[in-house]
Amino acid sequence: MGAKFEGAQEELRGMSHNPIRPWRSIERRKSRRIMVGNVPVGGDAPISVQTMTNTATTDVRATVEQVQRAAEAGADIVRVSVPDEASSKALKEIVRESPVPIVADIHFHYKRGIESAEAGAACLRINPGNIGSPERVREVIAAARDHGCSMRIGVNGGSLEKHLLEKYGEPCPEAMVESALDHIRILEDNDFHEFKISVKASDVFLSAAAYQGLAEVTDKPIHLGITEAGGLTSGTIKSAIGLGNLLWMGIGDTLRVSLSADPVEEIKVGYEILKSLGLRHRGVNIISCPSCARQGFDVIKTVEALEERLEHIKTPMSLSIIGCVVNGPGEALMTDVGFTGGGAGSGMVYLAGKASHKMSNAQMIDHIVEEVEKKAAEIEAEASSAQAAE
Ligand code: SF4
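Predicted model only: the values in this text are computed from it and were never measured. (Residues numbered from 1 in each chain as written. Predicted model: local features only at pLDDT ≥ 70, side-chain atom pairs only at ≥ 80, totals over all residues. Heavy atoms only, no water.)

A. Local environment of the UniProt feature "domain: IspG TIM-barrel" (unreviewed entry) in the protein chain. Feature annotation in UniProt places "domain: IspG TIM-barrel" (unreviewed entry) on residues 32-271, given in this structure's numbering. Across residues 32-271, the secondary structure splits into 47% helix and 17% strand, with the terminal C-alpha atoms separated by 23 Å. (UniProt positions renumbered as here; feature names shortened; annotations may be inferred. Helix = DSSP H or I, 4+ residues; strand = E, 2+ residues; numbered from the N terminus.)

Below you can see the structure in the form of structure tokens.
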């Protein structure tokens with residue numbers, strides 16, 4: 001590994017290492033960096049958040065609309081299924097309209113791989129071991145190389161190769177890692193190195209153990225996911241436990257939260273997991289209390305309204321909305337903007353941790369939105385002048 005890579009890793013350690021609160025430090029696993037279109041994955045790149053469309057790919061308008069909504073919610077990369085030739089054709093238009101790199105999801109059919117690379121996909125999710133003859137594998141790799149496409153090897157606990165199931169008796173971490181290594185070998189034998197790998201399973205224990213095993217045997221970037229995680233609530237919890245633990249160990253360069261829900265929800269959950277671990281920040285991190293009889297205003301309704309009204313803010317910042325003085329001033333100390341309920345229909349607004357001024361509950365939501373927008377503009381201005389100074 002070159003000095004440049006080592007330097008980047010130092011920078012990364014700086015990013016995730018917290019010298020004041022070392023118990024918050026996460027040291028990310030060293031991985032090779034690849035590109036998915038213009039998005040770097042691995043090395044010192046931020047952990048990217050992905051989702052997948054659930055429209056018919058041939059319905060270009062609906063698919064592009066979904067990709068755009070996902071991108072607006074923060075998706076760095078979006079995956080689209082390419083089950084047939086008509087979908088490959090549609091992919092070309094989708095890629096052209098998409099604001100983010102598109103990954104083509106291909107199973108078995110090598111021609112779809114070639115067509116997708118030609119259509120401008122940034123990455124092919126394809127398992128080289130399932131393509132067929134070595135000649136077909138070479139053709140897909142050549143198409144990827146010619147069109148600047150990376151790949152993702154996607155091992156899935158539910159569709160492991162027959163010989164591995166016979167060898168291990170059932171899907172297990174060792175079988176999943178062996179499957180990944182088999183696919184890796186095929187790409188490397190063809191001198192192709194621009195790929196990332198996932199070893200997903202719907203079982204949290206199996207997924208987590210497989211990913212840990214994978215992290216030990218390769219320096220390729222790792223794509224995290226718990227497959228078929230479930231609906232919004234159960235899938236979020238499963239993903240937060242599975243992906244959260246792996247990320248906490250420093251494993252994972254990009255992730256997709258799989259939910260039986262709108263892709264925008266997958267993006268929101270992905271960011272929330274990363275935000276909770278201090279690995280990536282986007283938008284307003286709202287800290288709010290569950291509320292109780294002591295609340296000076298309706299905390300739950302206020303937070304619901306603020307979440308909606310502040311969706312447009314992309315600048316990383318924090319806001320505390322706390323029902324009363326029991327926890328309000330303490331939480332406000334750590335946030336950019338804060339509001340703590342008081343008596344007689346009003347509360348205290350905190351700016352940069354300090355009590356600033358009183359505000360009536362009736363006007364508080366509009367006022368907090370203004371304060372947050374003001375703070376976001378300040379942070380953006382500081383960041384651009386710091387960049388200009390560099
Ligand atoms: S901060 Fe106050 S209102 Fe909120 S839960 Fe605690 S005691 Fe109740």
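B. Representation of unusual backbone geometry within the structure. Positive phi values are uncommon outside glycine, yet F108 reaches one of about 70°. With respect to the secondary-structure elements, F108 resides in the loop between β5 (102-105) and α4 (110-119). Residue classification places F108 among the exposed residues on the basis of a relative accessible area of 56%. Of note, A352 is a non-glycine position whose phi angle comes to about 50°, a positive value. Looking at where A352 falls in the secondary structure, it is placed in the loop between β14 (346-351) and β15 (354-360). Note on A352: relative accessible area 55%, which makes it exposed. (Buried < 20%, exposed > 50% of the residue type's maximum accessible area, 1.4 Å probe, protein only.)

C. Representation of the nonpolar core within the structure. By size, the foremost hydrophobic cluster in this structure holds 74 residues, and its most contacted members are L124, M151, L224, L247 and L255. Apart from residues lying up to four places away in sequence, L247 is in contact with I26, I47, L224, G252, L255, I273, L274, L277 and L279. Core analysis: the second largest hydrophobic core is formed by 21 residues, I313, F339, M364 and I368 among them. (Core = buried A, V, L, I, M, F, W, Y, C linked by side-chain atoms within 4.5 Å. Contact = heavy atoms within 4.5 Å.)

D. Main features of the sheet that holds strand β6 (residues 123-125). Here we have eight strands laid out as an open sheet, ordered β8-β7-β6-β5-β4-β3-β10-β9, and parallel in their pairing. Taken across any chain shown, the strands that pair with only one partner, and hence form the sheet edges, are β8 (195-200) and β9 (223-224). Taken together, the three bridges between β5 and β6 define a ladder with parallel strand orientation. Note on β6: the bridge partner recorded for V103 is C123. (Pairing = 2+ DSSP bridges.)

E. Up close: the UniProt feature "domain: IspG C-terminal" (unreviewed entry) in the protein chain. As annotated in UniProt, the feature "domain: IspG C-terminal" (unreviewed entry) corresponds to residues 285-374 in the numbering used here. Along residues 285-374 one finds 34% helix and 31% strand; the C-alpha atoms at either end are 16 Å apart.

F. Up close: the site of the ligand. Neighbouring residues of the ligand: C289, S291, C292, R294, Q295, I322, G323, C324, V326 and N327. Within the shell around the ligand, the residues separate by chemical class into five nonpolar, four polar and one charged. (Near = heavy atom within 4 Å. Nonpolar A, V, L, I, M, F, W, Y, C, P; charged D, E, K, R; others polar.)

G. Quick look at the pattern of salt bridges. Tallied over the entire structure, the rule returns 23 salt bridges. Between R28 and D253 there is a salt bridge; the shortest N-O distance is 3.4 Å. Here D253 lies in the loop between α9 (232-248) and β10 (254-256) and R28 lies in the loop between α1 (3-16) and β1 (34-36), a separation of 225 residues in the sequence. Take R28 and D253: they sit in the same class, and that class is buried. The shortest N-O distance in the salt bridge between R32 and E194 comes to 3.2 Å. Here E194 lies in the loop between α7 (173-189) and β8 and R32 lies in the loop between α1 and β1, a separation of 162 residues in the sequence. For R32, a relative accessible area of 26% corresponds to the partly exposed category. (Salt bridge = Lys/Arg side-chain N within 4 Å of Asp/Glu carboxyl O.)

H. Region of the structure containing the sheet that holds β15. If you walk across this open sheet you meet the five strands as β11-β12-β13-β14-β15, and the pairing is mixed. The sheet is open, and its two edges are formed by β11 (284-288) and β15, each paired on a single side. Here the strands of the sheet are splayed against their neighbours by 20° on average, with no regard to which way each runs. Across five bridges, the pairing between β11 and strand β12 (residues 317-322) is parallel. Within β12, the residue paired with N285 across the bridge is S318. With respect to the sheet, helix α13 (residues 361-389) is in contact with β11, β12, β13 (337-341), β14 and β15, its orientation differing from that of β15 by roughly 140°. (Axes fitted to C-alpha atoms, helices over the stretch in contact; angles between N-to-C directions.)

I. Geometry of the pairing of strand β3 (residues 48-52). Across the five residues that make up β3, a large majority, five, are buried. Burial along β3 is two-sided: S48, Q50 and M52 and V49 and T51, pointing in opposite directions, are all buried. Relative to β10, β3 is paired through three bridges, and the arrangement is parallel. Bridge pairing links V49 to L255 in β10. The pairing of β3 with strand β4 (residues 77-81) spans three bridges and is parallel. From the neighbouring strand, Q50 faces β4, where its bridge partner is I77. Handedness of the β3-helix α2 (residues 60-72)-β4 crossover: right-handed. (Right-handed = clockwise from strand over helix to strand, strands pointing away.)

J. Structural view of the side chain of R152. Note that R152 resides in strand β7 (residues 150-156). We note that R152 is buried and unpaired, the nearest opposite charge coming from D105 at a distance of 4.9 Å. Separated by 2.7 Å, the side chains of R152 and S198 make a polar contact. Beyond its immediate sequence surroundings of up to four residues, R152 is in contact with R79, C123, L124, R125, I126, N127, K196, S198, K200 and H223. (Lys, Arg positive; Asp, Glu negative; His and termini not counted. Polar contact = N/O pair within 3.5 Å; in protein donor to acceptor, adjacent residues only side chain to side chain.)

K. How the structure looks around α4. With eight of its 10 residues buried, α4 lies for the most part within the structure. Three or more residues of α4 are buried, namely Y110, R112, G113, I114, E115, S116, A117 and A119. Looking at the buried positions of α4, the neighbouring elements they touch are α3 (85-97), β5, β6 and α5 (134-146). Two residues or fewer after α4 comes G120, characterised by a positive phi angle close to 100°.

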